[in-house]
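A look at the structure
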Amino acid sequence: MFAKLFQKPTEAQSPPPSSQLVVTHESMATSDLAPVVAVHYGIPSTASILAFDPIQGLLAVGTLDGRIKVIGGGNIEGLLISHKALPFKHLEFLQNQGFLVSVSNENEIQVWDLEKRHISSNIKWESNITAFSVISGTNYMYLGDEYGFLSVLKYDAEEENILQLPYHVPPNLIADGAGIPLPDHQSVVGVLSQPCSGGNRVLIAYDNGLIILWDVTEDRSVHVKGFKDPQLKEGMVVSFSNNESHTYQNDSLDNEEVDKEISSLCWVSPDGSVLAVGYVDGDILLWDLSASDHGKGKITQKLPNDVVTIQLSSGDRRLPVIVLHWSSNKAQDGRGGQLFAYGGVNIGAEEVLTILDLDWSLGLAKLKCVERVDLKLHGFADLNVISNGYKADNDSGTSLFVLTNPGLLHFYEYDSLSILKSKIGKNHSAHAMQYHSVIPTVEPYMTMGKLYMMSSDINIFSSLSKTVSPAKQQPDGTQTIGSKSWPLTGGVPHQMSKTECYTIERIYVGGYQDGTVRIWDATFPVLSLVSRLEFEIKDSEVAGASTPISALDLCFPNLTLAIGNEFGVIFLYRLQGDSNQATVTIVTETKHVVHHYLSEERNHCHTVYSILNSPVRALKFTISGESLVAGFDCGQVAVLDTSSPSVLFVTDCVSISKSPVMSVAVKSCPDTCPNSVEKSDNGTESESAPEVVFVLTRDAHMVLMDSSTGNMISSRPMYPTENSTSISMHLLDVKHSLTEGSKSVSVTSSQHSKAESRPLQNDLSNVEARVPQNFGHKMLQSHILLCCEEAFYFYPFESVIQGDNNFVHKFELEKPCSWTTIFRRCAEKYGLIVVYQTGEIEMRSLPELKLLGNTSMMSILRWNYKNNMDKTMNASDKGQITLVNGNEFALVSLLAFEDELRPLLCLHDKVLAADADVIYFHSQKNAESSLPGFVSNVIKGLKGVKEEQNMNYKEAREMVIAHLESIFSRFPFSDPFNLEDLDLQIDDVDIDEPVPLASSSHETTDYIKEKETEREKLFEGSSTDTKPKVRTREEIIAKYRNTGDATSAASQAKDKLMERGEKLERLSIRTEELQSGAQNFAEMASELAKAMEKRKWWNI
């Protein structure tokens, strides 16, 4: 049958001279490599911090390696990657605005655009950022640093820029405004905007325990609290250790003067009247800030009932309270709720998250703990409580996210703490809803993965599409706990037009360790589960049906999926989706058994083969789909008849060393005579064309056999070297051939790589990559690209048949290869993608193997390469690669011209953002006290106009932004002003003294010593620049502002007046000296010129 394969070309078949056969080959360009993470599912194991947007329904998870995972609803997830692999110490949404703010460990502030999925703006803060918060509902941010500065930032969405506003307060001005001494080098450890203050007040906490409630409109302190306050000595201490509550008067701090370091803080009332502060020693203090002081420059009156101390355990050595969150109880009118604390327990105790149900309706001094629950955790990372202000009026339950290591996300929602306590028992997640990835990779463990592109010529999945389409209208993976549902609903899903006919264009098939197989629709960047296949029949005689999946292949003509597992069992499933199978045929070595499914058993499996007790390593359908080639770990190969069903033949070990089969491929070999070629030149393969099976073993032995008889075509196995380890093989079709002795093809290697060439008998200048679903194209000559760990080899098809080990090309690699695939841009543009065991990825041209571009898993996904990662690695011929790492799944589009998965889905819903004000207004119309004061007044004044309520609320909200702009666009201790209106006096000009510059937390003054010029020496060091330098209004106020009485102010004014007179007198004297010196210098110069004129040149 294969005799014609060895015939020599006749004269009619001889090609023209090589000079006339130079095929124009347009190689891939370096710019074609543009990797984009089109799909990402799963939370990274390095997750460390949470942020939540309750309006958009989005959750952001920051990691220790500079990534941010954003999770929405309907399987919408996105991955944002910073340019540096650094942890985030702050992460917060600009709520309902489509932006996310992060602060890295190197103090880089980044604003992420969720619609475009990239960094919109970033700035580097030169000092260490120790506190950061966003004013809720606005684009303004408070920032505190290690030097005690309070700064204000604003993100301008139109300009896409982060602006530092003029309002920034150094610690000395805060201390002066508060009327207290503040030690040097005190860092700001917390900064919170007070609720319901309209942004007028901000709480500033310092690391020595000092707490100041600062009014930014009046530039004064409203409250000053601290560990050394006298009321602490008379305050109440409530101990909740051993599930019992004990209240007693504090008497242990009478003589204590050491600072009490703050580790966490949060508001515990909707109106900002009570503050909870966690300390390093494990205490939690509740401060009452309800009594306001309207006298500027006065300290808040000290009351013994202003503070209550909470102790979670009675030990002397306790863990710091590093996390505090609060959920208010609507039924208690803001005087109670649940406090969430991580820390405060004895060192060495079990890791727990403590939840306290507190009530102080009778006053803070009579604080009661209604209930306490300790959630047992394993590797706590972060906590985020959903505010009740964004819930429906009838929903008084508590909702929170808990993040634990490694990358586990739990959602709790309950109506009361007692219900949670009764159900939770010893299992911390008994009443929690856990995040499950759309594509599970760990539970269950994924062992195989394949990405298949559907043909656009025929709708081969039309029947399956009809079955799937109605199900797609429902949210995928919807999770519920009783009547509660998963709260993440954000993102904008793909919208299909009503006239658009939906067809599945791309699917992803995953095999698992439990023997199940799942199929996802991967047409769009949001994957959806289509089917879950599992072989389960009663009284089954098939052993090992639930062992791990080890091989997969899909036959496109008849929609049959072949599945092989580690026990050597092969299953055939029909994916038509129209009806279930009535029977299943079980084929073993000795018999055929037909089993009838029961009416309740829904299964698409129609054939099961169990012929060898060896793991299945490779599966490949023949082109017609009537036969299936299976390679086993024992080195044997079996060809199965899928129509009968039966076993056609089973070979002995194809390798002498019994090396496992790594890969199998099938190729149609039509007659090479010209007449035969013309007869079959109709776009389809001839039915009589024989099919050759290529078998590759792990030790790089390659053999060819007849698919119908099992006879070996190659005279002996071919292998490049004795110690080669194969990776994969690719069949290449060659359109033109050269006569013997033609010039060899040049191979361009990367740095440190070696290329070896032999005289070619075939020209590789125009090859076409053989892809699994396109076997019908005709070929005249073929080559085989054998990829091994240490090198790549090109073999002519004829050499393989003859068992000739002489390759025509060898491309040595510097580092071991792990996986390869061939991609194409069009019929004339194609290349090779190489993945190394170091995680590096290269794109090379074919056949030159010229390096076109390189990247790495680390730069794309922040992944390190792991063993067996190649098992779940797969790609389409368009450069779309699927990767699995731990509990993460990614689909990466490597090529710039591939736009099927671009643009990426939008994570910000503009329609929802436009309607959010209306929705929020209706949810708050019965609770106007929770709105900022001046906004509430605006709304109250418009109560009579029902038609304009929504619009007026929006206008009132815009007034809030305008109010904040007017506050922060000025310097502290000043009113808004224009430079044109600035009236300078002589006191504002320094003559002798250096001009003090306004310092900030991220700007430092460099004093540069300049060299003195000869002119400066002549004028005895005095400056020639007599133009006065203007100081800013802030500098003037900071220098001359007086906090004393009128007498001291008059005395200071008198001193300044005398000082001004002295300055003017010194200025007059110096002016006269300069004039006299200049005149003397001019006279001396004139005399010197006359003396020099009389001297000859040889006397000089």
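Residues numbered from 1 in each chain as written. Predicted model: local features only at pLDDT ≥ 70, side-chain atom pairs only at ≥ 80, totals over all residues. Heavy atoms only, no water.

**Comments concerning the environment of Pro-796**
- Position of Pro-796 relative to the elements: it lies in strand β55 (residues 791–796).
- The spacing of Pro-796 and Leu-785 is 11 residues in sequence and 9.0 Å in space, taken between C-alpha atoms. (Helix = DSSP H or I, 4+ residues; strand = E, 2+ residues; numbered from the N terminus.)

**Concerning unusual backbone geometry**
- In this chain, Asn-405 is followed by Pro-406 through a cis amide linkage whose omega measures 0°.
- Inspection of the secondary structure puts Pro-406 in the loop between β29 (398–404) and β30 (408–414).
- Looking along the chain, the bond that leaves Ser-644 and enters Pro-645 is cis, with omega of -10°.
- Note on placement: Pro-645 falls in the loop between β46 (637–641) and β47 (646–650).

**A word on the sheet that holds strand β15 (residues 201–206)**
- A sheet is described by the order of its strands in space; here four strands give the open sequence β14-β15-β16-β17, paired in antiparallel fashion. This sheet does not close on itself; its edge strands, each paired only once, are β14 (188–193) and β17 (220–225). Neighbour-to-neighbour, the strand axes of this sheet turn through a mean angle of 20°, independent of strand direction.
- This element, helix α1 (residues 171–178), spans β15, β16 (211–215) and β17 of the sheet and lies at about 85° to β16. (Pairing = 2+ DSSP bridges. Axes fitted to C-alpha atoms, helices over the stretch in contact; angles between N-to-C directions. Contact = heavy atoms within 4.5 Å.)

**Focus on the nonpolar core**
- Counting residues in each nonpolar core, the largest one holds 32 residues, and the members touching the most others are Ile-68, Leu-100, Ile-439 and Phe-889.
- At the level of secondary structure, the elements contributing two or more residues to this core comprise β1 (33–41), β2 (47–53), β3 (58–63), β4 (67–71), β6 (88–94), β32 (446–453), β35 (506–512) and β63 (888–895).
- Judged by nonpolar contacts, the second largest core, of 31 residues, contains Val-509, Phe-556, Leu-561 and Val-608. (Core = buried A, V, L, I, M, F, W, Y, C linked by side-chain atoms within 4.5 Å. Buried < 20%, exposed > 50% of the residue type's maximum accessible area, 1.4 Å probe, protein only.)

**Regarding the pattern of salt bridges**
- This model, assessed by the stated rule, comprises 22 salt bridges.
- Put simply, Arg-220 and Glu-218 hold a salt bridge, and the shortest N to O gap is 2.4 Å.
- For Arg-220, a relative accessible area of 2% gives the class buried.
- The exposure class assigned to Glu-218 is partly exposed, which follows from its relative accessible area of 39%.
- Measuring nitrogen to oxygen at the nearest pair gives 2.3 Å for the salt bridge that ties Lys-260 to Asp-281. Of this pair, Lys-260 sits in the loop between β19 (246–249) and β20 (262–267) while Asp-281 sits in the loop between β21 (274–279) and β22 (283–288), placing them 21 residues apart in sequence.
- Its relative accessible area of 7% is what places Lys-260 among the buried residues.
- The exposure class assigned to Asp-281 is partly exposed, which follows from its relative accessible area of 32%.
- It is possible to trace a salt-bridge network through shared partners that takes in Lys-260, Asp-281, Asp-283 and Arg-318. (Salt bridge = Lys/Arg side-chain N within 4 Å of Asp/Glu carboxyl O.)

**Quick look at the sheet that holds strand β36 (residues 517–521)**
- With respect to topology, four strands assemble into an open sheet ordered β32-β35-β36-β37, the strand pairing being antiparallel. Here the strands that pair on one side only, and so sit at the sheet edges, are β32 and β37 (528–533). Taking each pair of neighbouring strands and ignoring which way they run, the sheet shows an average axis angle of 20°.
- In the sheet, β36 pairs with β37 via five bridges, with the strands oriented antiparallel. Residue pairing in the sheet places Asp-521 in a bridge with Ser-528 of β37.

**Points about the pairing of strand β40 (residues 569–574)**
- Along β40, five of the six residues are buried, which leaves the element largely enclosed by surrounding structure.
- Sheet analysis places strand β39 (residues 560–565) next to β40, joined by five bridges and oriented antiparallel. Across the sheet, the residue bridging to Gly-564 is Ile-570, located in β40.
- Where β39 hands over to β40, the hairpin turn is made up of three residues, of which Gly-568 adopts a positive phi near 90°.

**Thoughts on the packing of aromatic side chains**
- This model, assessed by the stated rule, comprises 19 aromatic pairs.
- Judged by centre distance (5.9 Å) and plane angle (65°), the rings of Tyr-167 and Phe-968 are edge-to-face. Here the residue Tyr-167 occupies a position in strand β13 (residues 161–169), and Phe-968 occupies one in helix α10 (residues 949–968), the gap between them amounting to 801 residues. Taken as a pair, Tyr-167 and Phe-968 share a single burial class, namely buried.
- Relative to Phe-889, the ring of Tyr-508 has its centre 5.0 Å away and its plane inclined at 55°; by these criteria the two rings are tilted. Of this pair, Tyr-508 sits in strand β35 while Phe-889 sits in strand β63, and the two are 381 residues apart along the sequence.
- Relative accessible area serves as the criterion here: at 1%, Tyr-508 is assigned to the buried category.
- What links up through ring pairs into an aromatic cluster is the set Phe-52, Phe-401, Phe-411 and Trp-486.
- Here the guanidinium or amino end of Lys-260 rests over the ring plane of Tyr-279, the centre of that ring lying 5.2 Å away. (Phe/Tyr/Trp six-rings, centres within 6.5 Å; stacked < 30°, edge-to-face > 60°. Lys NZ or Arg CZ within 6 Å of the ring centre and 35° of its normal.)

**Considering the pairing of β17**
- Counting buried residues in β17 gives six out of six residues, a clear majority hidden from the surface.
- As judged from the five bridges shared by β16 and β17, these two strands associate in the antiparallel manner. Each residue of the ladder has a partner; that of Asp-215, found in β17, is Arg-220.
- Connecting β16 to the antiparallel partner β17 that follows it, the hairpin turn spans four residues, and Asp-219 within it adopts a positive phi of roughly 55°.

**Quick notes on the environment of Val-237**
- The topology assignment puts Val-237 in strand β18 (residues 236–239).
- The buried category is assigned to Val-237, whose relative accessible area is 3%.
- Spatially, the C-alpha atom of Val-237 lies 4.5 Å from that of Thr-309, the residues being 72 residues apart in sequence.

**Quick word on the side chain of Asn-200**
- Residue position: Asn-200 is located in the loop between β14 and β15.
- Of the residues examined, Asn-200 reaches a relative accessible area of 17% and is grouped as buried.
- A polar atom in the side chain of Asn-200 sits 2.7 Å from the side chain of His-963.
- Residues within four places of Asn-200 in sequence aside, it is in contact with Trp-214, Asp-215, Val-216, Thr-217, His-963 and Ile-967. (Polar contact = N/O pair within 3.5 Å; in protein donor to acceptor, adjacent residues only side chain to side chain.)

**Brief notes about α1**
- For α1, the tally of buried residues reaches six of eight residues, placing the bulk of the element in the interior.
- Listed in full, the buried residues belonging to α1 are Pro-171, Leu-173, Ile-174, Ala-175, Gly-177 and Ala-178.
- The inward-facing, buried residues of α1 abut β12 (150–156), β13, β15, β16 and β17.
- At the C-terminal side of α1, Gly-179 shows a positive phi close to 70°.

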